[in-house]
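# Structural features, examined
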Amino acid sequence: MLHTTIAAIRPLDEPAMVAAGELHGRLTKPAGSLGVLEELSVRLAGLARACPPPLPEPAAVAIFAGDHGVHAQGVTPWPQEVTAQMIGNFLAGGAVVNAFARQAGASVTVVDVGVATPLPPAVPAQADGPPARADGGPGGGTGGPGGARAPRLVAANVRPGTRDLAVTAALTRDEALAAVETGIRIARELIDAGAGILLTGDMGIGNTTPAAALVAAFTGVDPAEATGRGTGVDDPTYARKIGVVRAALARHAPDPADPLGVLAAVGGLEHAALAGLILGAAARRVPVLLDGVIAVSAALAAVAFAPDAVGALVAGHRSAEPGATVGLRHLGLDPLIDLGLRLGEGTGALLALPVVTGAVRVLHEVATFDSAGVAEK
């Protein structure tokens, strides 16, 4: 599945991009007056091979959840059980991501790709039903304000958490591949159900440590530049976290030309699955709106697999985690908003979603100078 998906990923379509640029020049506004929105809409035209590109709707958030053996190194004060508990909160609709998804009318799919502790009793062990339809029909429902569908759980646990990357490889290559292909499958399911844009979400106590290791491995920066405070750890914990990342990279010496090997050595199951989600969407020429540092680290892996996958990526926001800025710079992506967020879950991507939709809507709905009878300069 991975190889056929990579083979389907192609560069942005130049004629569609030229057409979108020319259309912007005919619309009733000064040339370039919409700044980044113009560049974004041109890129999305190139991705879709159409001018104007389809509106990026409906939106689907995919939250991949996993646990991490490196938790044993004391890189976070939060207990590992919180990962499973937050899945229960997502499915009950009580998390920040749920509030923002209801506001945006986006569906929420939660994927247990590697949770180590049992899910709360109220959460069914197997809830892998069909994705919600774009019209809210069978398989979806309208479980929330504004007609948002009820969150859905997909049981796709590859293993109960990774191994401790400070001691050994976090995953085998087969386990990393299984997680990547889970992400590809989820992308296909959501797109087949009608999603016009995918938003990345994540949940995993301790997951900013492997994210920092991935960012440093793929970009070559010093681990201190890629490592942040995650949930807000104190100075001693932060120093220990940097040391763990540095030692893991020295131990495993991951090769950025071998992205599957990098994910296996120092990644997480949710990072690998997010890389697969990006590849699956890029192969179908559907945009992916990135959230924070976990998504950015996964995007680095996806682009290492298939450089043209970067054409499907939109940076939703600039996370307060320094590794996100490092990774976005390496990818050549500028974030749409900067609010100092560091929550994850998909929250920053959801807040940026109206910006993406607005960029495309301009090409669909704004009159040209000729059609509006407005004189040009």
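Quick summary incoming for the structure in this document. (Residues numbered from 1 in each chain as written. Predicted model: local features only at pLDDT ≥ 70, side-chain atom pairs only at ≥ 80, totals over all residues. Heavy atoms only, no water.)

## Brief notes about the packing of helix α10 (residues 259-266) against helix α12 (residues 293-305)
Inclusion rule: Comment: axis = line fitted to C-alpha atoms, over the contacting stretch for helices; angle = value between 0 and 180 degrees taken between N-to-C directions. Secondary structure elements are defined from DSSP: runs of H or I of at least 4 residues count as helices, runs of E of at least 2 residues count as strands, and each element is numbered from the N terminus. An angle counts as roughly parallel when it lies under 35 degrees, as roughly antiparallel when it exceeds 145, as roughly perpendicular when it falls between 65 and 115, and as oblique in every other case. We call two residues in contact whenever any of their non-hydrogen atoms come within 4.5 Å of each other.
The geometry of α10 relative to α12 is characterised by a closest axis approach of 9 Å and an angle of 150 degrees between their N-to-C directions. Compared by their axis directions, α10 and α12 come out roughly antiparallel. Residues Pro259, Leu260 and Leu263 of α10 form the contact with α12, whose participating residues are Ala301, Ala304 and Phe305.

## Some thoughts on the nonpolar core
Operational definition: We call a set of buried residues a nonpolar core when its members are Ala, Val, Leu, Ile, Met, Phe, Trp, Tyr or Cys and they connect through side-chain atoms within 4.5 Å of each other. Partly exposed residues are those whose accessible area sits between 20% and 50% of the maximum for their type, while under 20% is buried and over 50% is exposed, using a 1.4 Å probe and protein chains only.
In terms of nonpolar packing, the biggest core is built from 113 residues, with Phe64, Leu198, Leu199, Leu279 and Leu289 touching the most fellow members. Counting residues per element, this core draws most heavily on α12, at 11 residues. Ignoring sequence-local partners within four residues, the contact set of Leu199 consists of Ala59, Ala60, Val61, Ala62, Leu289, Ala349, Leu350 and Leu353.

## Concerning the layout of surface pockets
Put simply, the test is: Lining residues are those with an atom within 4 Å of a point, where the points come from a 1 Å grid over the protein atoms alone and group into cavities, where a 1.4 Å probe fits but cannot get out, or pockets, open sets with protein on both sides within 12 Å along at least five of seven lines. Grid points are joined across faces, edges and corners, and a volume is the space filled by probe spheres set on the points. Gly counts as polar in this scheme, as do all residues outside two lists: the nonpolar Ala, Val, Leu, Ile, Met, Phe, Trp, Tyr, Cys and Pro, and the charged Asp, Glu, Lys and Arg.
The computed volume of the largest pocket comes to approximately 500 Å³. Secondary structure elements with two or more residues in the lining of the largest pocket: α4 (81-92), β4 (197-203), α7 (208-219) and α12. Residues of the lining of the largest pocket, tallied by class, amount to 11 nonpolar, 12 polar and 6 charged. For the second largest pocket, the calculated volume is near 170 Å³. Ala48, Pro54, Gly196, Arg285 and Pro287 are the residues nearest the centre of the second largest pocket, which is lined by 13 residues in total. Here the lining of the second largest pocket gets 3 residues from one element, more than from any other, and that element is helix α3 (residues 36-48). Classifying every residue of the lining of the second largest pocket gives 11 nonpolar, 1 polar and 1 charged.

## With respect to the pattern of salt bridges
Rule in force here: Here a salt bridge means any side-chain nitrogen of Lys or Arg lying within 4 Å of a carboxyl oxygen belonging to Asp or Glu.
Scanning the entire structure with this criterion turns up 12 salt bridges. Residue Arg159 is joined to Glu175 by a salt bridge in which the shortest nitrogen-to-oxygen separation is 3.5 Å. Of the two residues, Arg159 is situated in the loop between β3 (152-155) and α6 (173-192) and Glu175 in helix α6; the sequence distance between them amounts to 16 residues. Take Glu175: its relative accessible area is 15%, and that puts it in the buried class. For Asp222, the salt bridge is made with Arg246, and the minimal N-O distance between the two is 3.0 Å. With Asp222 in the loop between α7 and α8 (223-226) and Arg246 in helix α9 (residues 235-252), the pair connects residues that are 24 residues apart, well separated along the chain. Look at Asp222 and you get partly exposed, because its relative accessible area is 33%.

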